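Geometric and topological summary
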Amino acid sequence: MDVGLIVFGLAGLLTLVCFMPPLAGRLKLPYSVLLAIVGCLLGIAVHVHGWAPPMLGDMLDSIERFEISSETFLMVFLPVLLFETSLAMNVRRLMDDIGPILMMAIVAVVVCTIFVGFTMNAVSSYGLIVCLLLGAIVATTDPVAVVGIFREVGAPKRLTTLVEGESLFNDAASIALYSVLLAALASGSGKVGVGDVVGDFLRTFIGGGVAGYLMGRGACYLFVWLRGFPTAEITLTLTLAYLSFFISEHYLGVSGVVATVISGLVVGSTGRTRMSPATFEHLSSAWEQFGFWANSLIFLFASMLIPRLMEAADWQELLLVALLFVATLVARAIVVFGLLPMLGLTRLGTKVSNPYKTVMLWGGLRGAVSLALALAVTEQAAVPEEARQFVAVATTGFVLMTLFINGISLRPLIRMLGLNQLSPVERTIRNQALSIALEDLQEKADEIAKTDHISPEASERIHAVFDASLASVHDSQVNKMSLEQRVAVGLGIVARREEEMFFDILKAQIVDWRMAETLLARAERLEDAIRVGGLEGFESAIEADVRHSPGFRMALRLHYTFGFKSWLARELAHRFSNLMTKRSVAQRLMQFSREQIAPLLGEDAAQRIVGAHQRRLDLIENALQALNLQYPSYALWLQESYLGRVARELERMRYRGMLDQFLISGEVYADLMAQLKDRWKHIDHHSGLDMEMGAAELVKRVPLFEGLSADSLRAICRLLRPRLALPDQPVLGANTRHGEEMCIVASGAVAVHLPDGTTIELGSGEFFGELALLGEKQVNPDVTSLGYSKLLMLSARDFHALLARDESLRERIQTVARQRMRAIEVWKQHQEMAQQLP
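What counts and how
- Residues numbered from 1 in each chain as written.
- Predicted model: local features only at pLDDT ≥ 70, side-chain atom pairs only at ≥ 80, totals over all residues.
- Heavy atoms only, no water.
- Helix = DSSP H or I, 4+ residues; strand = E, 2+ residues; numbered from the N terminus.
- Buried < 20%, exposed > 50% of the residue type's maximum accessible area, 1.4 Å probe, protein only.
- Contact = heavy atoms within 4.5 Å.
- Areas by Shrake-Rupley, 256 points an atom, 1.4 Å probe, with all protein chains shown as cover.
- Core = buried A, V, L, I, M, F, W, Y, C linked by side-chain atoms within 4.5 Å.
- Domains from an automatic or database assignment.
- Pairing = 2+ DSSP bridges.
- Axes fitted to C-alpha atoms, helices over the stretch in contact; angles between N-to-C directions.
- Expected span 1.5 Å × (residues − 1).
- Parallel < 35°, antiparallel > 145°, perpendicular 65-115°, else oblique.
- Left-handed = near helix turned anticlockwise from the far one by under 90°.
- Nonpolar A, V, L, I, M, F, W, Y, C, P; charged D, E, K, R; others polar.
- Patch = residues over 30% accessible without salt bridge, like charges linked within 9 Å, V, L, I, M, F, W, Y side chains within 5 Å.
- Salt bridge = Lys/Arg side-chain N within 4 Å of Asp/Glu carboxyl O.

Some thoughts on the overall build of the protein chain
- Helices and strands together make up the secondary structure of the protein chain, namely 33 helices and eight strands.
- A buried classification covers 50% of the 838 residues belonging to the protein chain.
- By sequence separation, contacts in the protein chain at least 24 residues apart represent 80% of the contacts at least 6 residues apart.
- When the accessible area of the protein chain is evaluated, it comes to approximately 40,000 Å², of which 60% is carbon and sulfur surface.

Right, here's the structure in full:
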């Protein structure tokens, strides 16, 4: 076929598609329903277009010659649709409802396949395998067909997440069952092993998930290499959609659907920090465009097949289509109203309200994927002709029924159930926000009228519009909400603002993508804690937020066990930068609460929120103080780096503003940016935090070893093992190696908790643990670090060897030991006298 005609036909279809969204809005029809209607009309027109003028006739002729196969649907359009939907999903919200989603995506497909298969087999003569195959085909739902309706009517975000999540994953379950059943039908065996089906499904589903995750993570690492080239970064996401699908299907033998979905979820959650910030802002709009093209074309092409697939249908088959519609609805009702509540009794389950269940039941629209699978059956020569005809007619008729019955009635159903309306709390917040905005805008409109010499009559008319709007919201005051409700709402607002602040910091290149990834993840966990527990959840979360991370603890364990310090140094530097960034953001959030939350939710709620964030700031300050005291030079560099990055971003914004106002030319702007890059390049390069944990350096700080010969110091350095102790970390005690080591404080301080409840502090140069090594094991006090203390650890064997080698050192240690032994004797006598007293 002439390439020019192909391009001409596609351009004509896309031109037609351009007018579909506004036309669907005017006709009050779902977009997918209008596409189905237009596609059917095109399918008829391409066969009878002899009446058309030459240009239109050539376009219809080129469309008629398109070779639309099932592989075209699955390989060209499906990856884009899946990736676009998964890319826009919030992974954390998806995981909140992962139980219901997997129930609807997997169990519902199995139930639908079995129920429809046995029902249709009971009333038809096509055989059980054919009927089960039909059940698997119609079990897959179409996210695009229903989510657009949800967005139009303002359905709750959680309901959209449930339906989108189901649609993303049930394609994999449906295609897996379809493949097994089609193979059994084509082979003529007529037998299907349940074990084979389950094993094949688990292998393809889990394998597809692993493959998609690995490819998605690999793409995220490549984004770092492509930073600064937005077109290349967006192109990589497009190729990832196709590569994850094709490689998984053809080379790995696993589900390409699941692989594409998981890779899209990974990029959507992680790519935000890996790719350049400007790219991520354009990525969603670019993929929205890709999804619009793919969805429109796949629906048009699939709908154009409907006249051909339905032309040989008779009344008996149409009755079977009606029965199929009822059977599928019943099967879905069994899952939604029967199995889903049972899932709510387990840990995986979350409560789903009856209105949500009703919409999930009625909103299971079918679309292009079902038509593509039915078309694939018609392409199988090994399948009997009668079976191919039945599957094609039944699937096509069923898809049309869901679009025209469920699709058209779904919008009124959502409105009837009130799911498109705000909750009482949300309405109150909306009215308060509207009141604040209108009052501010009314003042600004008056100022503009005065400045621009607008006539008083026109100004009064505009003023009256504001007055009428303000009067309509004064009856719903925010004070009707309880203080706890307002505080919880305010904390949620501040948490979302914090997440955006961290992203703004990334865009300004004040932190790198690794740090931004950690900060954004912590901010999301904080928002989750507020949503579940309100103020109490927030306070628990901020305490957990300043604790040392699992990676830090693992690095510390390796340091204690093997003496490795490079990983620990990186973790310390990461914690340092993390805390400084959070301190800056916490301070700005407190200001945000005073200025923005107070007018919206009331002064008392704002004060509670500010107080909660002040407690958070205190925790951050305490954690930073220990690091600042121990590593002052690194703290100074961090502050210099932070201020320098801010200054660099301000300078960049200033030049950009001058360019936008035509004060400078593009050439001048490029030269200024080159100078800016050279001026501030030093703030991006630093050797990292130096822990200074070498034994030779630390030994010099210990007064105990002063005056010793160089040979003695070298011998001591070979025996001592430098270790870092964290604030409040147990050094010696019940859970440590008490009696096996002696510790010397090289820098920092430790607290010795004596049996009588008193505490003494030991600073630099002092040691502890020697009494147990000298034989006094009756008193083993607990010892904890007061800050980031650098200790020198000496094992029992090396301790005795050291004392035997150096007489002067032995005398110094024994002098301190005798004093401590004498104190212990006095304490023991006091304890005995206290026991003898009545």
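Now that the structure has been shown, we can carry on.
A word on unusual backbone geometry
- Unusually for a residue other than glycine, His-453 sits at a positive phi of about 55 degrees.
- Among the secondary structure elements, His-453 is positioned in the loop between α20 (424–451) and α21 (456–473).
- The residue Asp-728 is not glycine, and still its phi comes out positive at about 65 degrees.
- Mapped onto the secondary structure, Asp-728 falls in the loop between β1 (721–725) and β2 (730–732).
- According to the relative accessible area criterion, Asp-728 is exposed, its value standing at 63%.

Observations regarding the nonpolar core
- Phe-73, Phe-169, Tyr-178, Phe-301 and Phe-390 are the most contacted members of the largest nonpolar core, which totals 136 residues.
- Per element, the largest residue contribution to this core is 14 residues, and it comes from helix α10 (residues 157–187).
- Two domains each put at least three residues into this core: domain 1 (3–65) and domain 2 (70–417).
- When sequence neighbours within four positions are dropped, the list of residues in contact with Tyr-178 reads Leu-133, Ala-136, Ile-137, Leu-373, Ala-376 and Val-377.
- Among the nonpolar cores identified, the runner-up in size contains 38 residues, and Ile-493, Met-501, Ile-510 and Ile-530 belong to it.

Observations concerning the sheet that holds β2
- If you trace the four strands from one edge of the open sheet to the other, you get β2-β7-β4-β5, paired in antiparallel fashion. The open sheet has two free edges, formed respectively by β2 and β5 (759–762), since each of these has just one partner strand. On average, each strand axis in the sheet is inclined to that of its neighbour by 30 degrees, with strand direction left out of account.
- With four bridges connecting them, strand β4 (residues 750–753) and β5 associate as antiparallel partners. Of the residues in β5, the one forming a bridge with Ala-751 is Glu-761.

What about helix α24 (residues 550–562)?
- Spanning 13 residues, α24 covers 18 Å between terminal C-alpha atoms, matching the ideal 18 Å at 1.5 Å per step.
- Check the buried side of α24 and you find it contacts α25 (566–601) and β1.

Description of the packing of helix α12 (residues 230–252) against helix α13 (residues 256–274)
- Running from amino to carboxyl end, α12 crosses α13 at an angle of 150 degrees, the nearest separation of the two axes being 7 Å. Classified by the interaxial angle, the pair formed by α12 and α13 is roughly antiparallel. For the pair α12 and α13, the crossing hand works out as right-handed. Together, Thr-237, Leu-240, Ala-241, Ser-244, Phe-245, Ser-248 and Glu-249 of α12 and Gly-256, Val-257, Ala-259, Thr-260, Ser-263 and Val-267 of α13 make up the contact between the two elements.
- When grouped by side-chain class, the residues that make up the contact of α12 with α13 number six nonpolar, six polar and one charged.

Regarding the pairing of strand β3 (residues 741–747)
- Within β3, seven of the seven residues are buried, leaving the element largely enclosed by the surrounding structure.
- Judged from the six bridges that link them, β3 and strand β8 (residues 789–795) form a sheet pairing that is antiparallel. For Glu-741, the partnering residue across the bridge sits in β8 and is Ser-795.
- Pairing of β3 with strand β6 (residues 767–768), which is carried by two bridges, proceeds in the antiparallel orientation. Across the sheet, the residue bridging to Ile-744 is Phe-767, located in β6.

Examining the side chain of Ser-255
- If you trace the backbone, Ser-255 turns up in the loop between α12 and α13.
- Those residues in contact with Ser-255 that lie beyond four places of it in its chain are Ala-172, Thr-204, Phe-205, Gly-208, Ser-248 and Glu-249.

Things to note about a nonpolar patch on the surface
- Side chains of Val-198, Leu-202, Ile-206, Val-210, Tyr-213 and Leu-214 sit close together on the surface and give an oily, nonpolar patch of about 570 Å² of accessible area.
- Mapped onto the fold, Leu-202 is located in helix α11 (residues 194–225).
- Its relative accessible area of 44% is what places Leu-202 among the partly exposed residues.

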